[in-house]
Amino acid sequence: MTSSYSANNITVLKGLEAVRKRPGMYIGSTGPDGLHHLVYEVVDNSIDEAMAGHCKKIIVALEKDDICRVEDDGRGIPVDIHPTEKVSALELVLTRLHAGGKFDKSNYKVSGGLHGVGVSCVNALSVWLEAFVNRDGKRYTQRFEKGVPKTKVECIGETELHGTTIRWKSDASIFQETTTYSFEVLSNRLRELAFLNPGIVIIFRDERLETPKELVLSFEGGINEYTKFINTGKKVIPEEPIFISGEQNDIITELSMQYNEGFNENVYSYVNDINTREGGTHLDGMKNALTFVFNKSLEKNEKLFKKLNPKYNPKAKENKEKLEKLTGEDIRTGLTAVLSVKVPEPQFEGQTKTKLGNTEVRTIVDALVKEKLTLWCEQNPQVCNLILEKAVNEAYGRIKARKAIEANRKNGMDSFGLPGKLADCSSKNPEECEVYIVEGDSAGGSAKQGRDPKTQAILPLWGKMLNVEKVHPEKVINNDKLQPVIASLGTGIGKNFNIEKLRYHKIIIMADADVDGAHISTLLMTFFFRFMPELIEKGYVYIAMPPLYRVEYKKFKKFVFSDEERDSALAELGENRDKATVQRYKGLGEMEWQELKETTMAPQNRKMKQVKITDAAEADQIFSVLMGEDVEPRRKFIEENAVYATLDV
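Read on for an overview of the structure. (Residues numbered from 1 in each chain as written. Predicted model: local features only at pLDDT ≥ 70, side-chain atom pairs only at ≥ 80, totals over all residues. Heavy atoms only, no water.)

## What about the overall build of the protein chain?
Right, on to step 1. A tally of regular secondary structure across the protein chain gives 21 helices and 22 strands.
Right, on to step 2. Put simply, the protein chain has 649 residues, and 51% of those count as buried.
Right, on to step 3. Residue pairs at least 24 apart in sequence account for 68% of intrachain contacts in the protein chain once pairs closer than 6 positions are excluded.
Right, on to step 4. Accessible surface, the protein chain as shown: approximately 32600 Å² in total, 50% of it carbon and sulfur. (Helix = DSSP H or I, 4+ residues; strand = E, 2+ residues; numbered from the N terminus. Buried < 20%, exposed > 50% of the residue type's maximum accessible area, 1.4 Å probe, protein only. Contact = heavy atoms within 4.5 Å. Areas by Shrake-Rupley, 256 points an atom, 1.4 Å probe, with all protein chains shown as cover.)

Quick look at the structure:
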């Protein structure tokens, strides 16, 4: 029987059906990221009102039963009937994909939500949504279910207030993984928005708690306060961040920058409040200007120029092309910067809006930063010299590191000369290969016996790990504890890192479930975060979860991962609970290899935590506080967070 294919087979998705059918196309995913994206879409509308100068306060509240509410004191979404569509503007905005005020530049000069799909998507993916509008002395409301209007816009009273409230419950049939919002994830983004929009007040409330938690986010200092926040607990120069701002062709540029004593580059770039994680033309312009200005300043500093070019003779007709210059990486070592541009018609590369493509923005940012930073260097020669000195030292370190890498290659430590302690797997397909980084030789021995030799490699570590937060990159490359990790993974580190050369797509840290094990895991994660951050960004780093107890009675045997699970397993035994044997595993070395395989290494049984970074700026700050040399910020952090700690005594 042949199936016919005619016009009758063509399905037309009307209204918001397309969003419900393919939600991932509109909000990225139906996991936790997509769920939180709903909140960002609604908040972005309020932020756009703020950027247009009509909104001062935004309230974001998480109510019980996974309900979210966003209120603002903007102008309120219009409720009058649209001239051609013959429905209210409010209904239009909430039910049509490409409807909104963002396309009309007389209302919004710049905006973040550019595709006009924002709040209508939230409506489509909610069990119900209520909109309340205070406008022109009256209060209006309308209710929707799964994107379909259930009531008309109705006036429910008079008010002196103005603004919009959107309240909704996301649809569990769409967001099957979870419909519970994370306070931490949302607070990171809302804090970011408050930094980027000085003068606005964002109040974030968790009303799900018995005693509601409230965060008031408002930063008059704008991105300068953001830079200081990232550098919390670090020694910095200059004391107040360098601030550059300007406007040309309706493009507004703001740059805040400050150096710290570390060796990592932390540059965050935004376009219309959107975090451009992949950079773009605005970031290229800034980087180019920095390299140009500091190299010009170096030419005027005879002492430092001579340090970088000891054989230079200004009288000799030497080929200037051979002179050592500072690279962009040298100059950005230890730099913390926040670059924020407001562009009326931004062109983003890809749907994810994470890379800016407008070529004119590069020229504008480049010229502005060159002009203002040159002036700053002339007015602050001593601080400028300190920055130059740091960059010149980095250039020195770069040359030394290159020599160290060459020496390592000669010693057989390149990708062909793998470390002797590594028990490698036979497969050469990185996608199916995993490496267990194991603490100590005894646990390493058990892991080698319990592994699948085709896909599972074992790398035992021994001795005290290096805390990379406190040392120069050159020492990291030469460190005998980290060299085997670097060589096993095959990617190189820092500026020489290449994700394409990664030999394993699962890097699993397997340490004892005690304080020492947690310390080793933290040191390794600090190393990955500082020198191989892409491993974490791409989701390749995991932490193994070996069981804490074995509960056994006759044929009953259960491995459990917490005190609660232990009590639950004992409860299953009923009156025989007192006869059960409860084995507490203090270390991996105490487990038989068969048990280690069954509980922690076999893919079908094991539990693992994937290491994720929800907010790079906050992660950077926490690593600096907890792993850095300054004791006071660490003490403060521990005091504030001690309530969440689990003690192993």
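Still more ground to cover, so stick around.
## A short note on the side chain of Asn224
Right, on to step 1. Turning to its location among the elements, Asn224 is positioned in helix α7 (residues 223–230).
Right, on to step 2. If we skip the residues at most four places from it in the chain, Asn224 touches Pro241, Ile242, Phe243 and Ser256.

## Quick look at the pattern of salt bridges
Right, on to step 1. The full count for this structure, using the stated rule, is 30 salt bridges.
Right, on to step 2. One salt bridge in this structure joins Arg189 and Glu192, with 2.7 Å as the shortest N-O distance. Separated by three residues within a single helix, Arg189 and Glu192 lie in helix α6 (residues 183–196), roughly one turn from each other. Glu192 matches Arg189 in its accessibility class, with the two residues each being buried. (Salt bridge = Lys/Arg side-chain N within 4 Å of Asp/Glu carboxyl O.)

## Structural notes on the packing of aromatic side chains
Right, on to step 1. Per the counting criterion, the structure on display carries eight aromatic pairs.
Right, on to step 2. Pairing Phe195 with Tyr226 gives two aromatic rings, centres 4.7 Å apart and planes at 5 degrees, and the pair type is stacked. Separated by 31 residues along the polypeptide, Phe195 in helix α6 and Tyr226 in helix α7 bring together distant segments of the chain.
Right, on to step 3. Classification of Phe195 by relative accessible area gives buried; the value is 2%.
Right, on to step 4. With a relative accessible area of 3%, Tyr226 lands in the buried category.
Right, on to step 5. Measuring from ring centre to ring centre gives 5.6 Å for Phe195 and Phe229, while their planes differ by 45 degrees; the resulting arrangement is tilted. With Phe195 in helix α6 and Phe229 in helix α7, the pair connects residues that are 34 residues apart, well separated along the chain. Summarising the burial analysis for this pair, Phe195 and Phe229 share the class buried.
Right, on to step 6. An aromatic cluster of at least three residues, connected via ring pairs, comprises Phe195, Phe219, Tyr226, Phe229, Tyr268 and Tyr270.
Right, on to step 7. Just above the ring of Tyr549 sits the side chain of Arg566; from NZ or CZ to the centre is 4.9 Å. (Phe/Tyr/Trp six-rings, centres within 6.5 Å; stacked < 30°, edge-to-face > 60°. Lys NZ or Arg CZ within 6 Å of the ring centre and 35° of its normal.)

## Brief notes about the packing of helix α8 (residues 281–300) against helix α11 (residues 359–379)
Right, on to step 1. Running from N to C, α8 and α11 cross one another at 30 degrees; their axes reach a closest spacing of 7 Å. Taken together, α8 and α11 sit at an angle that is classed as roughly parallel. Helix-helix and strand crossings are classified by hand; for α8 and α11 the assignment is right-handed.
Right, on to step 2. Among the residues forming the contact of α8 with α11, the class breakdown is eleven nonpolar, seven polar and six charged. (Axes fitted to C-alpha atoms, helices over the stretch in contact; angles between N-to-C directions. Parallel < 35°, antiparallel > 145°, perpendicular 65-115°, else oblique. Left-handed = near helix turned anticlockwise from the far one by under 90°. Nonpolar A, V, L, I, M, F, W, Y, C, P; charged D, E, K, R; others polar.)

## As for the pairing of strand β19 (residues 549–553)
Right, on to step 1. Burial of β19 is extensive: four of the five residues sit out of reach of the surface.
Right, on to step 2. Two strands pair when backbone bridges link them, and β19 and strand β20 (residues 556–560) are joined in this way by five bridges, in the antiparallel orientation. Bridged to Val551 within β20 is Lys558.
Right, on to step 3. Between the end of β19 and the start of β20, which pair antiparallel, lie two residues, with Lys554 showing a positive phi angle near 50 degrees. (Pairing = 2+ DSSP bridges.)

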